[in-house]
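# Coordinate inspection notes
Letter by letter, the chains look like this.
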Amino acid sequence: MTAYPLTWLYAPGDRPAVVAKALTGGADVVVVDLEDAVSPDRKAYARDATADLLADPPAVPVHVRVNALDSPWGEQDITALAPAPGLSGLRLSKITSPADVTRAARRAARAGLYALLETALAVEQAYAIAGAHPNLRGIALGEVDLRADLGVRDDTGLDWSRSRVVVAARAAGLPPPPQSIHPDIRDLDGLATSCAHGRALGFLGRAAIHPRQLPVIERAYLPTDAEIEQAETVLKAAAAEQGAQALPDGRFIDAAVVTAARRTLSLARRRPRTH
């Protein structure tokens, strides 16, 4: 996996052919979905098919979105898949409290965990959830369910929740969270606009439900040439003089700015320079 994944492509766990295609779609991470994408009568089949897939490490990192812990399938999913050699992470759906994370961690051994916050209660406890266990690698919003829980009709009504989760992740020392899915796979212009807004809020990358969304997400989140030049200037100045300082153009830099500049240059390695 890249140091900063930008694209997370979901594929239904009960459709192995679709999962196989997703693995060649160019995403940084493929997320095999055992929850919303799979009907109750196919849960066991989806779990078994995913276990077969992960018997050997795939060429692309694979996460599995398991069913909610309070469902009939959640703990079975974790127990069956956590030891799989090809598993890169477990995405825990419907997390509402730190106790949910620790409960999953007890069954997941050393697997990396990612908590999906999909209710108002989860958002209220975002920081506590983010710091609940050392095996937790990240948090993210599930906006479809959250929108229904809050009764939000306008997209901007979710911005407070988005910012809260971004702040909680960083306060707990986790990477910036990826954005939730854009549900209309034909609306690529709307996706680009939404990604620009998410980037401004502090997200890094985005979940996708179709390969055609991946290039749009990557373009939106890769740094521009101007951002790369700014980052190089910051790191050059930091190397020459330790501590907080002002650049000749008046910009102030300190340790946090230097860290952000390093992340920018790490992402810049994924794209060619245009000059």
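An account of the accompanying structure is given in this report.

Let us look at the overall build of the protein chain. In terms of helices and strands, the protein chain carries twelve helices and nine strands. On the principal axes, the C-alpha backbone points of the protein chain span a range of 65 × 40 × 35 Å. The burial tally for the protein chain puts 49% of its 275 residues in the buried class. Pairs at least 24 residues apart make up 66% of the contacts formed inside the protein chain by residues separated by at least 6 positions. When the accessible surface of the protein chain is summed, it comes to about 13000 Å², and 54% of that surface belongs to carbon and sulfur atoms. Measuring between centres, the 31 positive side-chain charges of the protein chain sit 3 Å from its 32 negative side-chain charges.

Bringing the pattern of salt bridges into the picture now. This model, assessed by the stated rule, comprises 18 salt bridges. The partner of lysine 94 in a salt bridge is glutamate 118, with the nearest N and O atoms 3.3 Å apart. Within this pair, whereas lysine 94 is found in strand β4 (residues 87-95), its partner glutamate 118 is found in the loop between β5 (113-117) and α5 (120-124), the two being separated by 24 residues in sequence. Judged by relative accessible area, which is 27%, lysine 94 ranks as partly exposed. For glutamate 118, a relative accessible area of 2% gives the class buried. The salt bridge partner of aspartate 145 is lysine 94, with a shortest N-O separation of 2.9 Å.

The next point concerns the nonpolar core. Nonpolar side chains tend toward joint burial in soluble globular proteins. Within the largest apolar cluster, 63 residues are counted, with the highest numbers of intra-cluster contacts made by Val64, Ile78, Leu90, Leu117 and Ile139. Ranked by residues supplied to this core, first place goes to helix α10 (residues 214-221) with five residues. If we skip the residues at most four places from it in the chain, isoleucine 78 touches Val66, Leu69, Pro83, Leu90, Leu92, Ala104, Arg107 and Ala108. Residues Ala231, Ile253, Ala261 and Ala268 belong to the second largest nonpolar core, which totals eleven residues.

It is worth spelling out the sheet that holds strand β1 (residues 7-12) at this point. Taken together, the seven strands give an open sheet; going across it, the order is β6-β5-β4-β3-β2-β1-β7, and neighbouring strands pair in parallel fashion. Two strands bound the open sheet, and with one partner strand each, they are β6 (136-141) and β7 (206-208). If you compare each strand with its neighbour and ignore which way they point, the axes differ by 25° on average. One ladder, built from four bridges, connects strand β2 (residues 29-33) with strand β3 (residues 62-66); its direction is parallel. Paired with aspartate 33 across the two strands is arginine 65, which belongs to β3.

Under the definition given, this model contains one aromatic pair. Ring centres 6.2 Å apart and planes at 65° place the aromatic pair tryptophan 8 and tyrosine 114 in the edge-to-face group. With tryptophan 8 in strand β1 and tyrosine 114 in strand β5, this residue pair connects regions lying 106 residues apart in the sequence. Of the two residues, tryptophan 8 and tyrosine 114, both sit in the buried class.

Now for helix α12 (residues 255-268). Given a rise of 1.5 Å per residue, 14 residues ought to cover 20 Å, and the 20 Å separating the end C-alpha atoms of α12 matches this to within 8%. Of the residues making up α12, those classed as buried are Val258, Ala261, Thr264, Leu265, Ser266, Leu267 and Ala268. The N-cap residue of α12 is aspartate 254: its side-chain oxygen and the backbone nitrogen of alanine 256 are 3.2 Å apart.

This paragraph deals with the packing of helix α11 (residues 225-240) against α12. At a minimum axis distance of 9 Å, the contact between α11 and α12 shows a crossing angle of 130°. For the element pair α11 / α12, the angle class is oblique. Between α11 and α12 the crossing geometry is left-handed. Residue-level contacts link Glu227, Ile228, Ala231, Glu232, Val234, Leu235 and Ala238 of α11 to Val257, Val258, Ala261, Arg262, Thr264, Leu265 and Ala268 of α12. Residue composition of the contact of α11 with α12, grouped by class: ten nonpolar, one polar and three charged.

Between helix α3 (residues 74-81) and helix α4 (residues 98-108), the shortest axis-to-axis distance is 8 Å and the interhelical angle comes to 35°. Along its contact with α3, which presents Glu75, Ile78 and Thr79, the element α4 presents Arg103, Ala104, Arg107 and Ala108. Taken together, the residues of the contact of α3 with α4 sort by class into three nonpolar, one polar and three charged.

Another aspect to go through is the side chain of serine 194. Among the structural elements, serine 194 can be located in helix α9 (residues 188-201). A polar contact of 2.9 Å, which involves the side chain of serine 194, links it to the side chain of arginine 206. Setting aside residues no more than four positions away along its own chain, serine 194 makes contact with Gln179, His182 and Arg206.

Parameters and conventions
- Residues numbered from 1 in each chain as written.
- Predicted model: local features only at pLDDT ≥ 70, side-chain atom pairs only at ≥ 80, totals over all residues.
- Heavy atoms only, no water.
- Helix = DSSP H or I, 4+ residues; strand = E, 2+ residues; numbered from the N terminus.
- Buried < 20%, exposed > 50% of the residue type's maximum accessible area, 1.4 Å probe, protein only.
- Contact = heavy atoms within 4.5 Å.
- Areas by Shrake-Rupley, 256 points an atom, 1.4 Å probe, with all protein chains shown as cover.
- Lys, Arg positive; Asp, Glu negative; His and termini not counted.
- Charge placed at Lys NZ, Arg CZ, Asp CG, Glu CD.
- Salt bridge = Lys/Arg side-chain N within 4 Å of Asp/Glu carboxyl O.
- Core = buried A, V, L, I, M, F, W, Y, C linked by side-chain atoms within 4.5 Å.
- Pairing = 2+ DSSP bridges.
- Axes fitted to C-alpha atoms, helices over the stretch in contact; angles between N-to-C directions.
- Phe/Tyr/Trp six-rings, centres within 6.5 Å; stacked < 30°, edge-to-face > 60°.
- Expected span 1.5 Å × (residues − 1).
- Polar contact = N/O pair within 3.5 Å; in protein donor to acceptor, adjacent residues only side chain to side chain.
- Parallel < 35°, antiparallel > 145°, perpendicular 65-115°, else oblique.
- Left-handed = near helix turned anticlockwise from the far one by under 90°.
- Nonpolar A, V, L, I, M, F, W, Y, C, P; charged D, E, K, R; others polar.

Treat this as a map of the structure, not an account of what it does.
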